[in-house]
Structure formats: C-alpha cells, structure tokens
Amino acid sequence: MAGKLSLGSRSIDVSKKFVSLAGKYTKLMRRVFAIAAIFSCWGLAAQPCAPSEGREQPRCEVIAYPTAEQATAADGGDHRYFTRIIQWARQSDTLSTPFTVPFVWANRQVLFHVGSASVPYEVLVNGRRVARNADGNTPAEFNLTRYVREGRNRLDLILTQPSDAAPLESWKEAGAAPGVTDTWIMSQPTMRVRDVLTKCWPSNDGDGTAVAEVGIVVKSSALNPRTSRIYYDLLTPSGETAATGYKELTLDMRREDTLRFVTRIPAQLLWSAELPTLYTLRLKTQHEGRFGEYLELPLGFRTVATDPQGHMTINGQPVRLHAYEINPQIVSANLLARLRELGFNTLKFMPGYISPELLEMCDIQGVYVVAQAPIDSSKSGASRRKEGNPSNDPAWQAAYIERTGDSYHTTKRHPSVIAFSLASMSSNGINLYESYLNLKRYGDSRPIIYPDAAGEWNDDPLLLD
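Residues numbered from 1 in each chain as written. Predicted model: local features only at pLDDT ≥ 70, side-chain atom pairs only at ≥ 80, totals over all residues. Heavy atoms only, no water.

**Looking at the overall build of the protein chain**
Of the regular secondary structure elements, the protein chain holds six helices and 26 strands. Relative to its 465 residues, the protein chain shows a buried fraction of 48%. A separation threshold of at least 6 residues defines the contact pool for the protein chain, and within that pool the share at least 24 residues apart is 71%. In the structure as shown, the protein chain presents an accessible area of about 23000 Å², 53% of it carried by carbon and sulfur atoms. (Helix = DSSP H or I, 4+ residues; strand = E, 2+ residues; numbered from the N terminus. Buried < 20%, exposed > 50% of the residue type's maximum accessible area, 1.4 Å probe, protein only. Contact = heavy atoms within 4.5 Å. Areas by Shrake-Rupley, 256 points an atom, 1.4 Å probe, with all protein chains shown as cover.)

**What to know about the packing of aromatic side chains**
The final tally for this structure, using the stated rule, is 15 aromatic pairs. Between Tyr 232 and Phe 261, the aromatic rings sit 4.0 Å apart at their centres with planes inclined by 5 degrees, giving stacked as the arrangement. On the criterion of sequence distance, the pair formed by Tyr 232 in strand β14 (residues 226–235) and Phe 261 in strand β16 (residues 256–266) is long-range, its members being 29 residues apart. Owing to a relative accessible area of 10%, Tyr 232 belongs among the buried residues under this scheme. Taken together through their ring pairs, the aromatic side chains of Trp 88, Phe 112, Tyr 121 and Phe 142 make up a single cluster. The ring centre of Tyr 81 lies 3.7 Å from the NZ or CZ of Arg 108, which sits over that ring. (Phe/Tyr/Trp six-rings, centres within 6.5 Å; stacked < 30°, edge-to-face > 60°. Lys NZ or Arg CZ within 6 Å of the ring centre and 35° of its normal.)

**Let's talk about empty space enclosed by the protein**
In this structure the tally under the stated criterion is four cavities of 30 Å³ or more. Computed from the structure, the largest cavity encloses a volume of approximately 210 Å³. Taken together, 24 residues make up the lining of the largest cavity; nearest its centre are Arg 59, Thr 138, Pro 139, Asp 406 and Thr 410. Where the lining of the largest cavity is concerned, the elements lending two or more residues are β9 (140–143), α4 (356–365) and α5 (397–409). (1 Å grid on protein atoms, 1.4 Å probe; cavity = no way out; pocket = protein on both sides within 12 Å on 5 of 7 lines; lining within 4 Å. Points joined across faces, edges and corners; volume = space filled by probe spheres on them.)

**Here we look at the packing of α5 against helix α6 (residues 430–440)**
Relative orientation and spacing of two packed helices are given, respectively, by the angle between their axes and the distance between those axes. At their nearest, the axes of α5 and α6 sit 9 Å apart, and the two run at 35 degrees to each other. Pair α5 / α6 crosses with right-handed handedness. Two secondary-structure elements touch here, α5 through Gln 397, Tyr 400, Ile 401, Thr 404, Gly 405 and Tyr 408 and α6 through Ile 430, Asn 431, Leu 432, Glu 434, Ser 435, Asn 438 and Leu 439. Broken down by class, the residue content of the contact of α5 with α6 amounts to six nonpolar, six polar and one charged. (Axes fitted to C-alpha atoms, helices over the stretch in contact; angles between N-to-C directions. Left-handed = near helix turned anticlockwise from the far one by under 90°. Nonpolar A, V, L, I, M, F, W, Y, C, P; charged D, E, K, R; others polar.)

**A look at the side chain of His 79**
Along the chain, His 79 falls in the loop between α2 (68–73) and β3 (82–85). A relative accessible area of 12% places His 79 in the buried class. In contact with His 79, not counting residues within four places along its chain, are Ala 64, Tyr 65, Pro 66 and Gln 70.

**Focus: α4**
By the burial criterion, the buried members of α4 are Pro 356, Leu 358, Leu 359, Cys 362 and Asp 363. Down the axis of α4, the buried side of the element spans an arc of 160 degrees, and every buried residue falls inside it. Positioned one or two residues after α4, Gly 366 has a phi angle of 75 degrees, which is positive. (Arc of directions from axis to C-beta.)

**Brief notes about the environment of Tyr 400**
Take Tyr 400: it is sitting in helix α5. When near neighbours in sequence (up to four residues on either side) are disregarded, Tyr 400 contacts Leu 168, Ile 375, Ser 377, Asn 389, Pro 390, Ser 391, Asn 431, Leu 432 and Ser 435.

**Things to note about the sheet that holds strand β15 (residues 241–251)**
Spatially, the four strands line up as an open sheet ordered β15-β14-β17-β18, and their pairing is antiparallel. Here the strands that pair on one side only, and so sit at the sheet edges, are β15 and β18 (290–299). With direction set aside, neighbouring strand axes in the sheet form an average angle of 15 degrees. Sheet analysis places β14 next to β15, joined by ten bridges and oriented antiparallel. Each bridged residue has a counterpart across the sheet, and for Ile 230 the counterpart in β15 is Lys 247. (Pairing = 2+ DSSP bridges.)

**Considering the confidence of the model for the protein chain**
Where the model shows low pLDDT, its predicted coordinates should not be examined in detail. Per-residue confidence for the protein chain gives a mean pLDDT of 90, with 90% of residues at or over 70. Overall, residues 1–46 carries pLDDT values under 50, and its contacts beyond four positions in sequence, including any with other chains, amount to 14 contacts. (pLDDT = per-residue confidence, 0-100.)

**A word on the sheet that holds strand β8 (residues 128–133)**
Overall, antiparallel pairing links the five strands, which are arranged β4-β5-β10-β7-β8 in an open sheet. Looking at which strands have only one partner, the edges of the open sheet turn out to be β4 (89–91) and β8. Across the sheet, the mean angle separating the axes of adjacent strands is 25 degrees when strand polarity is ignored. Of the pairings in the sheet, the one linking strand β5 (residues 94–101) to strand β10 (residues 151–159) comprises eight bridges and is antiparallel in character. Looking across to β10, one finds that Val 101 is bridged to Gly 151.

**Examining the pattern of salt bridges**
For the coordinates displayed, the defined rule picks out 23 salt bridges. Taking the shortest distance from any N to any O, the salt bridge between Arg 90 and Asp 93 comes out at 3.9 Å. Its salt-bridge partner being Lys 172, residue Glu 169 comes within 3.2 Å of it at the nearest N-O pair. A relative accessible area of 5% means that Glu 169 is categorised as buried. (Salt bridge = Lys/Arg side-chain N within 4 Å of Asp/Glu carboxyl O.)

**As for the environment of Ala 212**
Positionally, Ala 212 belongs in strand β13 (residues 209–220). Sequence separation between Ala 212 and Ile 265 is 53 residues, and the spatial gap between their C-alpha atoms is 6.8 Å. Those residues in contact with Ala 212 that sit more than four places away from it in its chain are Lys 199, Phe 261, Val 262, Thr 263, Ile 265 and Phe 301.

**With respect to the nonpolar core**
Counting residues in each nonpolar core, the largest one holds 32 residues, and the members touching the most others are Val 331, Leu 347, Phe 349, Cys 362 and Leu 422. For this core, the secondary structure elements donating two or more residues are α3 (333–341), β23 (346–349), α4, β24 (368–372), α5, β25 (417–421) and α6. (Core = buried A, V, L, I, M, F, W, Y, C linked by side-chain atoms within 4.5 Å.)

**Concerning the pairing of strand β6 (residues 108–117)**
For β6, the tally of buried residues reaches ten of ten residues, placing the bulk of the element in the interior. Pairing between β6 and strand β11 (residues 180–189): nine bridges, direction antiparallel. Of the residues in β11, the one forming a bridge with Leu 111 is Met 186. Here four bridges tie β6 to β9, and the two strands are oriented antiparallel to one another. Along β9, the bridge assignment pairs Val 114 with Ala 140.

If you want it as structure tokens, here you go:
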C-alpha cells in the first residue's frame, strides 16, 4: 500500500514516521534559534555604548560664505548660507527648534553643526531619525539634505539620559544639566570643500626656506560625475602672495579627493611660540561658471620632531615645554596671558570640549597645546580584568577609536597643537593600544602620548616640565 513499507511481519507507515521526525526536527530548530536569539540579545546588551552613525567625517572648523568680502570679514553673524541656532526648547530629554531652508539652498547640501553636547544624542529632522553621535565632546556635523524641505522644518536632539558613555567621562559631575553649544545650520555646494590639511618640512637646498604643503579635501554628494574648479591664494602676514592658482577636479558619484599645492616659505616666517606667524588661505569653488562658496582660513606652518629621549624640536630648534594642565573650558585670554607671564609655554588640556576659538587663541598668542581626547575612565578603577576598566574591554574598542580619532581630526590643523594625548587616568589595555595604532596610520610626526601607560609602548616619549 502507498505510504507503507513491509519488512517481514512488520509494517511501517513511512509517511507518519516522516511527519513525526519532521516535527521533532522543527521543535529542535526552534530551540536552537531561541538559544541563538538569547545569545544575540546578550551580545546586544553587552554593547556598552551605542555607536555613532550618520555623522559626517570629523574636520577642523570650515565655514563657507557667499562672497569673498563676507569670508574675509568672518564676523560670526548669519548670512544667506549660514544660520546660528541660538535657542532650543526643552521638553524632558528632547531639545527642539524650528529652522528654515530658503530657496537659494536648492541643489545644495544642508549641514547641521554641533560644537559640543554634554551627553550622546540622536538627531531627528521633521520626525525622521538622521543620526546618532556617541561622542558629544568634539564638534560633529550631520548632512540633513535628504530630510529637509524648502521652507520651515523642525530639528530635534534627543539626549541620552542617563548617558551610556558615562564610564569614559569620569570628569563630568553627576546631575549636571544637559545641553549643547555652538549649533548652526549651513549650506554648501554639492561638490564642496570638506577640509583643509597642512604639512611642512625643511628644504634640502640650504637656502633658508621650508616647503609648505596645503591639501584641499573636496567631496561630492552628486549622483553623477561632477567637475569643479578650485581657486586658491596663500597670503603672507603682510598680504603678499606666497602661492596662487587653480585646479580642476572631477569626482564620480559621492566621492572625495584631495588637491595639493606646495610652496616655499622663508624659515623666519615659520610658526613658533616666539613668532606665531599665520598665513591666510583664500579659497573659492566654481561649477559651470558660477562661484559656489568662498572660504578664508588662517594657517601656520612649522615642523615638529622628537628624539628617543623625548626632547622636542620646533622648526629644527630645541624647545623646552613648560606645561600647565588645565580644563580647556575655563581658559580665557587673560588667563592665557597670566600663564605665559609665569613661564608656561604649553597647555596640556584635561578631557572635555576644546573649542576652535580657544585653539585659534593659542595659534595667535604662540602657546603650544597638547590636545586631549575625551577619555577618562578613572572611576572604573585600574583593574584590567573583566568588569574592570573599560580600556581593556574589547566591547568599548569602537568608542575609544572614535573618540581619539575625533580629537585628532578636529584639532590637527592648528599649528599650536604639537602633541596628542590618548586618555587621562584610564589604566591601559587593548583599546588604548588600538587607538594609538589607528592615529599612527595618519603618518603625523607629532607625538601621541599617554602618561598613564606606565612605560608601555603606546606612549611616545615627550618631556613636559
């Protein structure tokens, strides 16, 4: 009979047997998937801090202007491509504000800038989630172009309360009111200047000059190849032209590239604490005959090197670093002048927000800076065992690499910054090792220090008095 198999005196119903086995198999697989789901949930729960997503790449401050005159004035006021957000309405853990996208921003990119935030936060536009920033201590930008409409829009910041990054921020006081600083909305062309980089090295010709290189990072958000012309002028402090020209660049869909030019500058016009010389870089971008943006940035050129004992040379000359460790948020022009009178030529910042204005002040006044990444896990103790300090917990590795990278990229253009510090009082371990290696990949000659490394290899030698 169909469905039965005869074996001597025994008769087996094959179809029923198959159904029975299939049922047992299904129950077994359900148990396997249930167990896998449990472990998956454990894995998610083990993630200590939700990672950042949807951010633009970190950069030093870049503000675009609609005219060359406004770029030169740079008075900090609003203009047709730039609007500061002064007031936020707060309800529970959400900060909200309306903003307007004018018609002149059509076919351009809309960028939102946050200087700092006391806790991690999410960005929403018109009720749609745009991004999350897990490191509120360094400036961050978000591309809102896909989420905005012409006319009135709504921007929300959802603050993470309590902060899931608290184990890395031992310097912060519990119960402090959360908030944000230095927020604005800006428009840049679809193919735009994303960042500016500098390099300097001694000339081998013995003619008393140095070679200065400027890299102009250009990014396209277009969905098809796009060509723009970038004009540049590098001016000396007296207004003379040190370099001028233009370069054309074609980028494929959503690509980025760096235009570079080099020039020779007199050795006596290199930046140092004794002579804080600053050049002026003027840029303008042109697409299909129209100028899209103007930028003006102060730049300083100098060389930095250290020997195996930690002695530093600036522009080939030995310098002795008399350092004062200080909270960057309390530094003023008067305090900076007072510290210089007391003989301090170097500021080693504690963890926290380092504003671009403070770094510009140090550039102008000739004060060396050790930029500190926003990591202090001292409240977790010094143990490297499980449940000990986050510095040796691989679950925190992405957060460490992100924070040290943010600190580097948002301060690297300033000539006053002569070293980078990984963390403060955070024991040591795999996360600080990987953070050190990640920063070394950029090929920067400036030392990367971690004074609490206790002699381990992730601390470049640097003598600070």
